[in-house]
Amino acid sequence: MNKKILLPLALLFLFLGGVPAVAQHLQLKVGGGLASHFGDSRPVGSYKIGVGYEYEFDQHWSISPAIFYHGKGWKDPDQTVFVFDDKGAQQFDDEGNPLTSIKNCTSSAQYITLPVLFNYYLRTGESRYVVFSAGPYVAYGVRGKMRTKGDAEKPGSQKLFYSTDTFKEPGAHRFDAGVEVAVGYQFPNGITVGLETDLGLTHFNKSGSRNVSGLIAFTYTFKNK
């Protein structure tokens, strides 16, 4: 799966190096919002910061490959787990029913993300545009923490709290890929304010969880003089 997605994207980056363009612009972007997993997970804070390079083909169309450091995450609260003692024996009440407890997990995951967006500019006034963007992205997880409270299946103090590396959890995948969709408004000073979402298409783990995030983003485009 990784090679099938990475190879076309790598070829696209090489192709862009030889594409004739009307203009080329360096872009800086920073954004913040929320991220989660599809399903029952709850959102946590998310952020993105990075640089891109825009190739304009005409007054309406452009393409912009970029590289970002993207912080994502999710919460899995109120999970019912069975109670075990420190020797690994399951605990039961006086009537023989298994004892249960509530476990809460909060995870962070930071990725190096490489999107390639196709952009359409709709002119609304002098140097003012509505910008519609969409395209694929690939990402690789570089770090993250999973913080767990109330896991009664663990021994000793771990029943209260413990933390682990997000990407070292059983079945976790560092590789992520999906689609980014965005809409923004570009002002004459080169600043674009927009809304964007990343929709993961690959599974983060064996349970089938997939990343999703939504951000308010600010992009500054260095216009050629």
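Overview of the structure. (Residues numbered from 1 in each chain as written. Predicted model: local features only at pLDDT ≥ 70, side-chain atom pairs only at ≥ 80, totals over all residues. Heavy atoms only, no water.)

### With respect to the overall build of the protein chain
Helix and strand content of the protein chain: 1 helix and 10 strands. If you list the helices and strands of the protein chain from N to C, you get α-β-β-β-β-β-β-β-β-β-β. Looking at the protein chain residue by residue over its 225 residues, the buried ones come to 40%. Counting contacts in the protein chain only where the partners sit at least 6 residues apart, residues at least 24 apart contribute 65% of the total. As presented, the protein chain carries roughly 12,500 Å² of accessible surface, and 61% of it is formed by carbon and sulfur atoms. (Helix = DSSP H or I, 4+ residues; strand = E, 2+ residues; numbered from the N terminus. Buried < 20%, exposed > 50% of the residue type's maximum accessible area, 1.4 Å probe, protein only. Contact = heavy atoms within 4.5 Å. Areas by Shrake-Rupley, 256 points an atom, 1.4 Å probe, with all protein chains shown as cover.)

### What about the side chain of Ser46?
Note on placement: Ser46 falls in strand 2 (residues 44-56). Residue Ser46 is classed as buried on the basis of its relative accessible area, which comes to 7%. In terms of polar contacts, Ser46 uses its side chain to reach the side chain of His70, at 3.4 Å. Of note is the side chain of Ser46, whose polar atom sits 2.7 Å from the backbone oxygen of Gly71. If we ignore the near neighbours within four places in the chain, the residues touching Ser46 are Gly31, Gly32, Gly33, Leu34, Ala35, His70, Gly71, Lys72, Ser213 and Leu215. (Polar contact = N/O pair within 3.5 Å; in protein donor to acceptor, adjacent residues only side chain to side chain.)

### Points about the packing of aromatic side chains
For any pair of aromatic rings, the description rests on two quantities: the centre-to-centre distance and the angle between the ring planes. Taken as a whole and judged by the stated rule, the model has 9 aromatic pairs. Arranged with centres 4.8 Å apart and planes meeting at 65°, the rings of Trp74 and Phe204 form a pair that is edge-to-face. Placement of the pair is Trp74 in strand 3 (residues 61-82) and Phe204 in the loop between strand 9 (191-200) and strand 10 (211-222), with a sequence separation of 130 residues. Across the pair, exposure class does not vary: Trp74 and Phe204 are buried alike. By way of ring pairs, the aromatic residues Trp74, Tyr111, Phe167 and Phe204 are connected into one cluster. Sitting over the face of the ring of Phe68, Lys48 holds its NZ or CZ atom 5.0 Å from the ring centroid. Note that Arg210 overlies the ring of Phe38, its terminal NZ or CZ placed 4.5 Å from the centroid. (Phe/Tyr/Trp six-rings, centres within 6.5 Å; stacked < 30°, edge-to-face > 60°. Lys NZ or Arg CZ within 6 Å of the ring centre and 35° of its normal.)

### Side note on the pattern of salt bridges
Applying the stated criterion across every chain, the model contains 7 salt bridges. For the salt bridge of Lys48 with Glu196, the shortest nitrogen-to-oxygen distance reads 2.6 Å. Of this pair, Lys48 sits in strand 2 while Glu196 sits in strand 9; the two residues are 148 residues apart in sequence, bridging distant segments of the chain. Grouping residues by exposure puts Lys48 and Glu196 together as buried. (Salt bridge = Lys/Arg side-chain N within 4 Å of Asp/Glu carboxyl O.)

### Quick look at the nonpolar core
With 8 residues, the main nonpolar core is built from Trp74, Ala109, Tyr111, Tyr137, Ala139, Phe167, Ala172 and Phe204. Apart from the residues lying within four places of it in its own chain, the contact partners of Ala109 are His70, Gly71, Lys72, Gly73, Trp74, Arg143, Gly144, Thr166 and Phe167. (Core = buried A, V, L, I, M, F, W, Y, C linked by side-chain atoms within 4.5 Å.)

### Let's talk about the pairing of strand 10
In this sheet, strand 10 lies alongside strand 1 (residues 23-37) in antiparallel orientation, the contact comprising 12 bridges. Counted as the bridge partner of Leu26 is Phe222 from strand 10. Direction of pairing for strand 9 relative to strand 10: antiparallel, over a ladder of 9 bridges. From the neighbouring strand, Leu199 faces strand 10, where its bridge partner is Val212. (Pairing = 2+ DSSP bridges.)

### Some words on the pairing of strand 1
In this structure, strand 1 lies alongside strand 2, joined through 13 bridges in antiparallel fashion. Bridging from a neighbouring strand, Ala35 pairs with Val44 of strand 2. Here strand 1 folds back onto strand 2, and the loop between the two strands holds 6 residues, one of which, Gly39, carries a positive phi near 110°.

### Points about the side chain of Gln186
Secondary-structure assignment places Gln186 in strand 8 (residues 175-186). Looking at Gln186, the relative accessible area reads 4%, which means it is buried. At a separation of 3.4 Å, a polar atom in the side chain of Gln186 contacts the side chain of Thr192. The contacts of Gln186, once residues within four sequence positions are left out, are Tyr121, Ser127, Arg128, Tyr129, Val131, Ile191, Thr192, Thr221 and Lys223.

### Some remarks on the environment of Ile112
With respect to the helices and strands, Ile112 occurs in strand 4 (residues 100-125). The spacing of Ile112 and Arg143 is 31 residues in sequence and 9.8 Å in space, taken between C-alpha atoms. Excluding anything up to four places from it in sequence, Ile112 contacts Ile67, Phe68, Tyr69, Val138, Ala139, Tyr140 and Val142.

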